[in-house]
Each structure stands twice: as structure tokens, then as C-alpha cells.
Amino acid sequence: MEYDAKQRYNELFPDDATKAKAFDEIAKQYYLCNFGTMQKADIDVLLFSLYIDQILAKTEQNMETYNDYTLSKYLGITQSRISTLKVKKELKYPYPGFDWRESFKRVLDKARYENGKIKIYISDKNLYLEIKNAIECNGGYIDVSLNPHLLQISPEYFINLVLAISDETVKETIIAKLNEKYQGTKTLEEELEEKPIGELIKNGVLNLTKDAICDLIESGIPVVGGIASKVLKTAFEKMEK
């Protein structure tokens, strides 16, 4: 593939209107009694934000158009610097259309089970950080690897993550189904206030077979349930060997 930076620029800023809009954002940092007060690092973040927002507006569904490698080729900087700019950009100029749950659904089919962990390659650093936060907020943690884009989690935390991307109606449906089979001394709602559902399943508090867990996810979570169920079934089969 040929990476023509000038052609790409013309594709992203094809007319005077888009160029003028970008210039106005830059001008705000100079012509409002603030000339020269912006540091170069901040200018880089702004220019990067203007550039990548144009890409996201056109091809957000296709992550390959804005992965670190592709952007590094067009902008002539390292992939590590691209990754850093993405994080800074999202903090200062968050993209209004970014929904980490929807983005996670698009990479879920890449999930694999290996050496006791479910692994997912996530090219976008901001998506990686959002998923990491969701796992930690549900009482889990990720295993850090030498590859900064590789997310590694235990099966029980994967269950929590899949539930985290579901809306409240789906969660209520799943809890209702679990209540039908629940064998504990407390109500399921009381147990869930203390620990995430994945941990309850792992510790045997919820008396469910592994097949029942997979079937529950597959039937209860639209769109991603089938994919998540296949990943978990593979994990459970290998864990039993």
C-alpha cells in the first residue's frame, strides 16, 4: 500500500470550507489576545485532533484507517508518538462520537483464549484504556504484557466486561434468569452488591454449569452474545483439559 501524505490531506480537507474551519480552531489560540501563549506540544495535539477527527468522521467503523501504523506512515512520526497523541487528544479534544462500548463490539471477534487468559488485540490506545477501566471498576484486573495493545484477562473478568457493554435492560434480564437457578442463601441482588457476577461464578456462589453460563450470555446479550459465548466455551474446554 502506498501512503501519499499530500493525497491523504486533500481527502480529509477537500475544500475551502473544511480548511477554513480547521484554521479557525488554530486562530482561536492566537488571535484572541493570546498570541504565542500556546506551547508547541499543545499545538501538535490540536493539529493532530483536527486531522484525526476528519478521519473518524469519514471512516470511524474501519479502525485500520486510524491505527498507529497507518497514521505514522502519513504523518512521518513513530507509532509510539501517535499512541501518545491519541491519549492527549482524547483528554483535551474528545471526539463526540466515541463510544467505547460500540468500539469494543467491533474488536470482540478477535478475542482468543490462550494460556489461561482471554486475549484481545486492541489497536486504539483510548479504547484499551476505557476497557481497562471498565474491568477494574468491576473488581477485575488485566495482565500487563510487553505488547501495549494486548489485553489479557481471566474468563470471569471477561464475563464482567461483556455485561458492562450491555444496557440495563439486558442486565436485568440476565439477573432475572440467574435468580431462577440461584442456590445461595442471599438474594442475587445482595450478592452482586458485594462482588461482580464473574467472580460469583468463578467461586461457585452461583450454581451454574459452564454451558449454562455461555447459553445465558448468548441468549441474553444482543449482537455480541454469540461471539462472547464462543470465546468462553473455548476457554472452558481448554481449562478442563
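Everything quoted here is computed from the prediction, not taken from an experiment. (Residues numbered from 1 in each chain as written. Predicted model: local features only at pLDDT ≥ 70, side-chain atom pairs only at ≥ 80, totals over all residues. Heavy atoms only, no water.)

Quick notes on the overall build of the protein
To keep it simple, the criterion reads: Put simply, DSSP marks the helices as runs of H or I at least four residues long and the strands as runs of E at least two long, and each gets a number from the N terminus on. Buried means the residue's accessible area, taken with a 1.4 Å probe over protein chains only, is under 20% of the maximum for its type, while exposed means over 50%, and partly exposed covers the values in between. The Shrake-Rupley method, run with a 1.4 Å probe sphere, supplies the accessible areas, and residue values consider only the shown protein chains as cover.
Within the protein one finds 13 helices and three strands. Across the 241 residues in the protein, those meeting the buried criterion constitute 43%. A total of about 13,600 Å² of accessible surface is found on the protein, and carbon and sulfur atoms cover 51% of it.

Topic: the packing of aromatic side chains
Our working rule: Pairing of aromatic rings covers Phe, Tyr and Trp, the last counted by its six-membered ring, and requires centre-to-centre distances within 6.5 Å; plane angles under 30 degrees mean stacked, over 60 mean edge-to-face, and any other angle means tilted.
A full pass over the atoms with the stated rule returns six aromatic pairs. Ring geometry for Tyr3 against Tyr74: centres 5.3 Å apart, planes inclined by 75°, an arrangement best described as edge-to-face. Here Tyr3 is found in the segment before α1 (5-12), whereas its partner Tyr74 is found in helix α4 (residues 68-75), with 71 residues between them in sequence. Taken together through their ring pairs, the aromatic side chains of Tyr3, Tyr69 and Tyr74 make up a single cluster.

Quick word on the environment of Lys105
This is how it is decided: Here a polar contact means two N or O atoms within 3.5 Å. Within protein one must be a hydrogen donor candidate and the other an acceptor candidate, and residues neighboring in sequence count only if both atoms are side-chain atoms.
Its location among the elements puts Lys105 in helix α6 (residues 100-107). Between the alpha carbons of Lys105 and Val162 there is a distance of 9.1 Å; along the sequence they are 57 residues apart. A polar side-chain atom of Lys105 sits 3.1 Å from a polar atom in the side chain of Glu102.

Some thoughts on a nonpolar patch on the surface
Just so we agree on the cut-off: Patches draw on residues past 30% relative accessible area with no salt bridge. Two like charges within 9 Å are joined, as are two nonpolar side chains (Val, Leu, Ile, Met, Phe, Trp, Tyr) within 5 Å. Within this document, salt bridges are pairs made up of a side-chain nitrogen of Lys or Arg and a carboxyl oxygen of Asp or Glu, the two lying within 4 Å of each other.
A surface patch of nonpolar side chains, about 400 Å² in accessible area, is lined by Phe23, Tyr31 and Phe35. Relative to the helices and strands, Phe35 resides in the loop between α2 (16-27) and α3 (40-59). The exposure class assigned to Phe35 is exposed, which follows from its relative accessible area of 60%.

As for the pattern of salt bridges
Taken as a whole and assessed by the stated rule, the structure comprises 11 salt bridges. In this structure, Asp44 engages Lys40 in a salt bridge whose closest nitrogen and oxygen atoms are separated by 2.9 Å. Here the residue Asp44 and the residue Lys40 both occupy positions in helix α3, the gap between them amounting to four residues, near one helical turn. As a salt-bridge pair, Lys119 and Glu114 come within 3.8 Å of each other at their nearest N and O atoms. Look at Lys119 and you get buried, because its relative accessible area is 17%.

Considerations on the nonpolar core
Let me state the cut-off plainly: Put simply, buried Ala, Val, Leu, Ile, Met, Phe, Trp, Tyr and Cys residues joined by side-chain atoms within 4.5 Å make one nonpolar core. By definition in these notes, contact holds between two residues if any of their heavy atoms fall within 4.5 Å.
Phe104, Ile131 and Phe158 are the most contacted members of the largest nonpolar core, which has 48 residues in total. Per-element accounting of this core gives the leading share, eight residues, to α3. In contact with Ile131, other than residues within four places in its own chain, are Trp100, Phe104, Ile122, Leu151 and Leu161.

Focus on helix α7 (residues 125-137)
Put simply, the rule is: To estimate the expected span of a helix, subtract one from its residue number and multiply by 1.5 Å.
The end-to-end C-alpha distance of α7 is 18 Å, a good match for the 18 Å that 13 residues give at a rise of 1.5 Å each. Considered for burial, the residues of α7 that qualify are Lys125, Asn126, Leu127, Tyr128, Ile131, Ala134 and Ile135. Where the residues of α7 are buried, they touch α5 (79-92), α6, β3 (150-153) and α8 (155-164). If you check the start of α7, you find a side-chain oxygen 3.1 Å away from the backbone N of Asn126, and it comes from Asp124.

A few points about unusual backbone geometry
A negative phi angle characterises most non-glycine residues, just as the trans form characterises most peptide bonds. Unusually for a residue other than glycine, Cys33 sits at a positive phi of about 60°. Relative to the helices and strands, Cys33 resides in the loop between α2 and α3. Unusually for a residue other than glycine, Asn115 sits at a positive phi of about 50°. Residue placement: Asn115 occurs in the loop between β1 (112-114) and β2 (117-121).

Remarks on the side chain of Lys89
Checked against the element boundaries, Lys89 lands in helix α5. Judged by its relative accessible area of 3%, Lys89 falls in the buried class. There is a polar contact of 3.1 Å between the side chain of Lys89 and the side chain of Ser49. Excluding its chain neighbours within four sequence positions, the residues that come into contact with Lys89 are Val45, Phe48, Ser49, Ile52, Asp53, Pro94 and Tyr95.

Some points on the packing of α5 against α7
Selection criterion: Here an axis means a line fitted to C-alpha atoms, over the contact stretch when the element is a helix, while the angle between two N-to-C directions is reported on a 0 to 180 degree scale. Under the convention adopted here, Pro, Cys and the residues Ala, Val, Leu, Ile, Met, Phe, Trp and Tyr are nonpolar, Asp, Glu, Lys and Arg are charged, and Gly plus all remaining residues are polar.
Interaxial distance between α5 and α7 falls to 8 Å at its minimum, and their mutual angle equals 65°. Every residue of α7 that contacts α5 at Ser83, Lys86, Val87 and Glu90 is listed here: Lys125, Asn126 and Leu129. Residues of the contact of α5 with α7, tallied by class, amount to two nonpolar, two polar and three charged.

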